[in-house]
Amino acid sequence: MFPIVEARVLGPNVKEFEIAAPRVARKHQAGQFIILRIYDRGERIPLTIKSADRERGTITIVVQAIGKTTSLLNELGKGDSILDVVGPLGKPSEIEKFGTVVVIGGGVGTAIALPTAAALRDAGNHVIAILGARNKGLVILENDIRAASHETFIMTDDGSYGEKGLVTDKLRELIASRGVDFVLAIGPIPMMRAVAECTRPQSIRTVVSLNSIMVDGTGMCGGCRVMIGNSSKFACVDGPEFDAHEVDFKVLMQRNEMYKESEQKAMADFRLNGGEEVKRVRGACANG
Amino acid sequence: MANTIPNKERMKMPRQPMPERHAHARARSFEEVNLGYDLDLVALEALRCLACAKPACTSGCPVGVKVKDFVDLIIAGDYLGAAAKIREDNALPAITGRVCPQEDQCEGGCIMSKRADSLAIGHLERFIADYERASGKVGIPTIAPRTGKKVAIVGSGPAGLSAAGDLVQKGHQVRVFEALHELGGVLVYGIPEFRLPKEIVKQDIDVLRAMGVEFETNVVVGKSVTLDELMGEEGYDAVFVATGAGLPQFLSIPGESLNGVYSANEFLTRINLMRAYRFPEYDEPVYDCRDKDVVVVGAGNTAMDSVRTALRLGARSATLVYRRGEEEMPARKEEIKHAKEEGVIFRMLTNPVEMVGTEKGWLTGVRCVDMELGEPDESGRRKPIPVAGSEFVIDASVAIIAAGTGANPLVQSTTPDLATNKKNYIVADPESLRTSKRGVFAGGDIVTGGATVILAMGAGRKAAKSIHEYVTTMTW
């Protein structure tokens, strides 16, 4: 059992959890993820680690409720427990002194980009952060990202906060006005693909973190395979970060559709009967 | 009671068949196929043993089970005694009684196999293990006084469990680390319920726990903790790496990224470990195979497990595609027989060349080419050669690749002083199982490449013996 020691709401359907997982906390490096299973009939899902506190033996994750498992997770709070947490998995982000770097976070991708942004700053880079969201209410972790970067720009689709426009609008402007040496983009697949196209003409080194479907997370099943250049790679052990200009985003999107029907069914059931399920899971937590 | 039947008469007694669930009833059910002997069948079968002076059954067994002795105890009616006798050499008898390739090992050595059918040693072992479990009187072997030595075992599959059982008996403190959330390794993620019920694996593990073995799940050694940390701050005197061959091999043909193409590892893990066949009661999904055509590529036990699982998920057709002939299939004869009875279509001398699918990326078929057998290759088997112009497509919504596994690199990649061969398997001395790194031993599939449960268990026993010597003397 992995107790939830803190939980707070960051935005609509977005929640942050601090979980006691001493082994993971001790070894975590920016860019790595965990796999968790909430209860005995649950599925295994990967979630990137936002931060780790070695002394407290805890890790922090940010969860957006999309499907059944994330919705169930977001019903839990301080004092509840998660049955299984394993990690840290995947390769850490490559941290070097590149010069001027732009870190782009779309939606909850901001949480994932945060530790890498801080590590890039600590490595002596000038870090510019761009946060993208549909509207003001969906901007999360603004203060954290401001603390981890030298400059921060916020872009909203409707202009309700920061500037109106896409993250790529700001990125293009920065490339033209000051030159950019390295870009990290984490967020929805269409956003990452757009960033890759934006930096391709000048061959600016660009890295994205891929969220393909996983089961074990240790390279054992190959379900998370993605096409990188002309070769098949496993996001769980070869990634999750890859050179954005080599990623076949079409295959990634197609493979993420694999269980759409099942996911919709599970979510519909959860909407109907989720209350009972949540009660049972919380009861199991209480019984240890 | 001793066996008073003359040997000549014993030779004439027929081998008692294993009672099975009917093919029609079982082909759509995850319930166990083999039902097990009853008391009458056991008594009859045991009497067939010729009680050889030099039993080749024991020498044919990778863990050296004393077959003659336990069969004697069966004849005497002492079933719990027989169980204790097996446990002296084999920590997982209910498992090996079900999944060992006995025909190549104990039963292959049986003198009767030369002239008639061998003694059904596997069926007897299974009966004894099940009898012991049902009696609730599982005999815990004697545990030596505590030595104060600590041994870490990486992986809770057959090699790791077998080593743990032997080492804890010697009085060492033993802790088994498992990457997944459930213990048993390939016994729980790989082998399906209808061949090896998970409850049996759990109970054999509970016996090890009662013997004092500690288990920790959700630890990926190499990521959550390194070998150096285990032997450093965590204070282990020795480590046994038994991580298995968990790296799926794909075919490197076009279309393997299509939705519907699985590695056997993924397909079986979803079903066995995650219970996806019970979706939506369980949350992990698997492609809905009902009324779909499924193709499985390969010819080993994993391919058989995959294709028979597809049938049980309600597939309209389940076809096995193999580039060589049926004679060359590495799967156990019993698995092939069961698969055929259940309605699996066998397409031998057929090799997939492309996965074909829709514009949107969903699999619709497997393009194959006919093969013919040429001269023997380095494996001694006749080499399959494509027949020009013979390409055709087998309709399929799901294709499962069961073409072998490679070495999972997680431990090796974070242990630079651990020598590996060019295929990235760990190099270990064949007798002592010592690796290039002091205090580290390795065995099972991570050294040999994909093999069988019992060979991994044999490696586990060997490692335990060698580790015991090392931690006792602390000389490398």
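Residues numbered from 1 in each chain as written. Chains lettered and ligands numbered in written order. Predicted model: local features only at pLDDT ≥ 70, side-chain atom pairs only at ≥ 80, totals over all residues. Heavy atoms only, no water.

With respect to the overall build of chain A
Here is step 1 of the chain: Secondary structure assignment for chain A yields 9 helices and 16 strands.
Here is step 2 of the chain: Here chain A has a C-alpha radius of gyration of 19 Å; the compact-globule value for 288 residues is 19 Å, and the two agree.
Here is step 3 of the chain: Considering only C-alpha atoms, chain A reaches an extent of 60 × 40 × 40 Å along its principal axes.
Here is step 4 of the chain: Within chain A, the fraction of its 288 residues that count as buried is 60%.
Here is step 5 of the chain: Relative to all contacts within chain A whose residues are 6 or more apart in sequence, the contacts with residues 24 or more apart total 67%.
Here is step 6 of the chain: Accessible surface, chain A as shown: approximately 11600 Å² in total, 48% of it carbon and sulfur.
Here is step 7 of the chain: Chain A carries 36 positive and 35 negative side-chain charges, and their two centres are separated by 2 Å. (Helix = DSSP H or I, 4+ residues; strand = E, 2+ residues; numbered from the N terminus. Rg over C-alpha atoms; globule rule 2.2 N^0.38 Å. Buried < 20%, exposed > 50% of the residue type's maximum accessible area, 1.4 Å probe, protein only. Contact = heavy atoms within 4.5 Å. Areas by Shrake-Rupley, 256 points an atom, 1.4 Å probe, with all protein chains shown as cover. Lys, Arg positive; Asp, Glu negative; His and termini not counted. Charge placed at Lys NZ, Arg CZ, Asp CG, Glu CD.)

Examining the overall build of chain B
Here is step 1 of the chain: Along its length, chain B carries 19 helices and 16 strands.
Here is step 2 of the chain: Each principal axis of the C-alpha atoms in chain B carries an extent, and together these give about 65 × 65 × 50 Å.
Here is step 3 of the chain: Looking at the 476 residues of chain B, the share that counts as buried comes to 58%.
Here is step 4 of the chain: By sequence separation, contacts in chain B at least 24 residues apart represent 69% of the contacts at least 6 residues apart.
Here is step 5 of the chain: Split by element, the accessible area of chain B, about 18700 Å² in all, is 52% carbon and sulfur.
Here is step 6 of the chain: On chain B, the mean spot of the 57 positive side-chain charges and the mean spot of the 63 negative ones are 3 Å from each other.

Examining the sheet that holds strand β11 (residues 163-164) of chain A
Note: strands within a sheet are paired through backbone hydrogen bonds, in either parallel or antiparallel orientation.
All names here are of chain A.
Here is step 1 of the chain: The strand order β11-β10-β9-β8-β12-β13-β16 describes an open sheet built from 7 strands, whose pairing is mixed. Of all the strands in the sheet, just β11 and β16 (241-243) have a single pairing partner and so form its edges.
Here is step 2 of the chain: Across 2 bridges, the pairing between strand β10 (residues 151-156) and β11 is parallel. Bridging from a neighbouring strand, Thr-156 pairs with Lys-164 of β11.
Here is step 3 of the chain: Here helix α3 (residues 109-122) sits on the sheet and contacts β8 (100-106), β9 (126-133), β12 (182-186), β13 (205-209) and β16; the angle it forms with β8, its principal contact strand, is near 165 degrees.
Here is step 4 of the chain: In this fold helix α5 (residues 167-178) packs onto β8, β9, β10, β11 and β12, with an angle of close to 155 degrees to the strand it touches most, β9. (Pairing = 2+ DSSP bridges. Axes fitted to C-alpha atoms, helices over the stretch in contact; angles between N-to-C directions.)

Details of the pattern of salt bridges
Residues and elements named next belong to chain B.
Here is step 1 of the chain: Applying the stated rule across the entire model yields 73 salt bridges over all chains.
Here is step 2 of the chain: Here Lys-437 makes a salt bridge to Asp-417, at a shortest N to O gap of 2.8 Å. With Lys-437 in the loop between α17 (410-413) and β16 (440-442) and Asp-417 in the loop between α17 and β16, this residue pair connects regions lying 20 residues apart in the sequence.
Here is step 3 of the chain: With relative accessibility at 7%, the residue Lys-437 sits in the buried group. (Salt bridge = Lys/Arg side-chain N within 4 Å of Asp/Glu carboxyl O.)

Topic: the environment of Leu-410 of chain B
Here is step 1 of the chain: Tracing the backbone shows Leu-410 of chain B in helix α17.
Here is step 2 of the chain: With 39 residues separating them in the primary sequence, Leu-410 of chain B and Gly-449 of chain B have C-alpha atoms 15 Å apart.

A look at the packing of helix α5 (residues 67-75) of chain B against helix α9 (residues 121-135) of chain B
All names here are of chain B.
Here is step 1 of the chain: Following both chains from N to C, one finds α5 and α9 inclined at 60 degrees, their axes separated by 11 Å at the closest point. Compared by their axis directions, α5 and α9 come out oblique. Our pair here, α5 against α9, has a crossing hand that is left-handed. Along the contact surface, α5 presents Val-67, Phe-70, Val-71 and Ile-74, while α9 presents Ile-121, Leu-124, Glu-125 and Ile-128.
Here is step 2 of the chain: Taken together, the residues that form the contact of α5 with α9 break down as 7 nonpolar, no polar and 1 charged. (Parallel < 35°, antiparallel > 145°, perpendicular 65-115°, else oblique. Left-handed = near helix turned anticlockwise from the far one by under 90°. Nonpolar A, V, L, I, M, F, W, Y, C, P; charged D, E, K, R; others polar.)

A short note on the domain arrangement of chain B
All names here are of chain B.
Here is step 1 of the chain: Domain boundaries in chain B define domain 1 (7-135), domain 2 (150-245 + 406-473) and domain 3 (250-403).
Here is step 2 of the chain: One C-alpha centre belongs to domain 2, the other to domain 3, and the line joining them spans 30 Å.
Here is step 3 of the chain: Contact residues are listed per partner, giving 12 residues for domain 2 and 14 residues for domain 3.
Here is step 4 of the chain: Surface buried jointly by domain 2 and domain 3 totals about 1100 Å² across both partners, of which 54% is contributed by carbon and sulfur atoms.
Here is step 5 of the chain: Interface area lost by domain 2 to domain 3 is led by Tyr-189, Phe-194 and Arg-195, which between them contribute 51%. (Domains from an automatic or database assignment. Buried area = accessible area lost by both parts, 1.4 Å probe.)

A few points about the pairing of strand β5 (residues 58-64) of chain A
Residue and element names in this part refer to chain A.
Here is step 1 of the chain: Within β5, 6 of the 7 residues are buried, leaving the element largely enclosed by the surrounding structure.
Here is step 2 of the chain: For strand β2 (residues 14-20) and β5, the ladder comprises 7 bridges, and the chain directions are antiparallel. Bridge pairing links Ile-19 to Ile-59 in β5.
Here is step 3 of the chain: Note: strand β4 (residues 45-53) against β5, 4 bridges, orientation antiparallel. Paired with Asp-53 across the two strands is Thr-58, which belongs to β5.
Here is step 4 of the chain: A loop of 4 residues connects β4 with β5, the two strands running antiparallel in sequence, and Gly-57 in this loop sits at a positive phi of about 70 degrees.

Focus: the nonpolar core
Here is step 1 of the chain: Phe-70, Val-71, Ile-74, Ile-95, Ile-153, Phe-240 and Ile-467 of chain B are the most contacted members of the largest nonpolar core, which has 82 residues in total.
Here is step 2 of the chain: If you tally residues by element for this core, the top one is helix α19 (residues 453-473) of chain B, at 10 residues.
Here is step 3 of the chain: One finds Val-86, Ile-130 and Cys-224 of chain A together with Ile-253 of chain B within the second-largest nonpolar core, a separate group that totals 56 residues. (Core = buried A, V, L, I, M, F, W, Y, C linked by side-chain atoms within 4.5 Å.)

Points about the interface of chain B and chain A
Here is step 1 of the chain: Listed by partner, the interface residues are 48 residues for chain B and 47 residues for chain A.
Here is step 2 of the chain: Taken together, the two surfaces of chain B and chain A that pack against each other cover about 3900 Å², and 52% of this comes from carbon and sulfur.
Here is step 3 of the chain: The interface formed by chain B and chain A includes 6 salt bridges.
Here is step 4 of the chain: Residue Asp-283 of chain B pairs with Lys-68 of chain A through a salt bridge whose shortest N-O separation is 2.7 Å.

A closer look at the environment of Asp-84 of chain A
Here is step 1 of the chain: With respect to the helices, strands and loops of the structure, Asp-84 of chain A is situated in strand β7 (residues 84-89).
Here is step 2 of the chain: Between the C-alpha atoms of Asp-84 of chain A and Phe-2 of chain A, which are 82 residues apart in sequence, the distance is 6.7 Å.
Here is step 3 of the chain: Within the structure, the side chain of Asp-84 of chain A is placed 2.9 Å from the side chain of Arg-37 of chain A, a separation counted as a polar contact.
Here is step 4 of the chain: Among the polar contacts listed, one links the side chain of Asp-84 of chain A to the side chain of Asn-218 of chain B, at a separation of 2.8 Å. (Polar contact = N/O pair within 3.5 Å; in protein donor to acceptor, adjacent residues only side chain to side chain.)

Details of helix α16 (residues 333-342) of chain B
All names here are of chain B.
Here is step 1 of the chain: Inspection of α16 places Glu-334, Glu-335, Ile-336, His-338, Ala-339 and Glu-342 among the buried residues, and these make up the whole buried set.
Here is step 2 of the chain: Contacts made by the buried residues of α16 are with α2 (23-26), α15 (301-312) and β9 (345-347).
Here is step 3 of the chain: Backbone geometry just after α16 places Gly-343 at a positive phi near 105 degrees.

Some remarks on α15 of chain B
Residue and element names in this part refer to chain B.
Here is step 1 of the chain: A rise of 1.5 Å per residue sets the reference length of α15, with its 12 residues, at 16 Å; its end C-alpha atoms lie 16 Å apart and thus fit the reference within 8%.
Here is step 2 of the chain: By the criterion of burial, α15 is predominantly enclosed, with 10 of the 12 residues buried.
Here is step 3 of the chain: Looking only at α15, the buried set comprises Ala-303, Met-304, Asp-305, Ser-306, Val-307, Arg-308, Thr-309, Ala-310, Leu-311 and Arg-312.
Here is step 4 of the chain: Positive backbone phi, at 95 degrees, marks Gly-314, one or two positions downstream of α15. (Expected span 1.5 Å × (residues − 1).)

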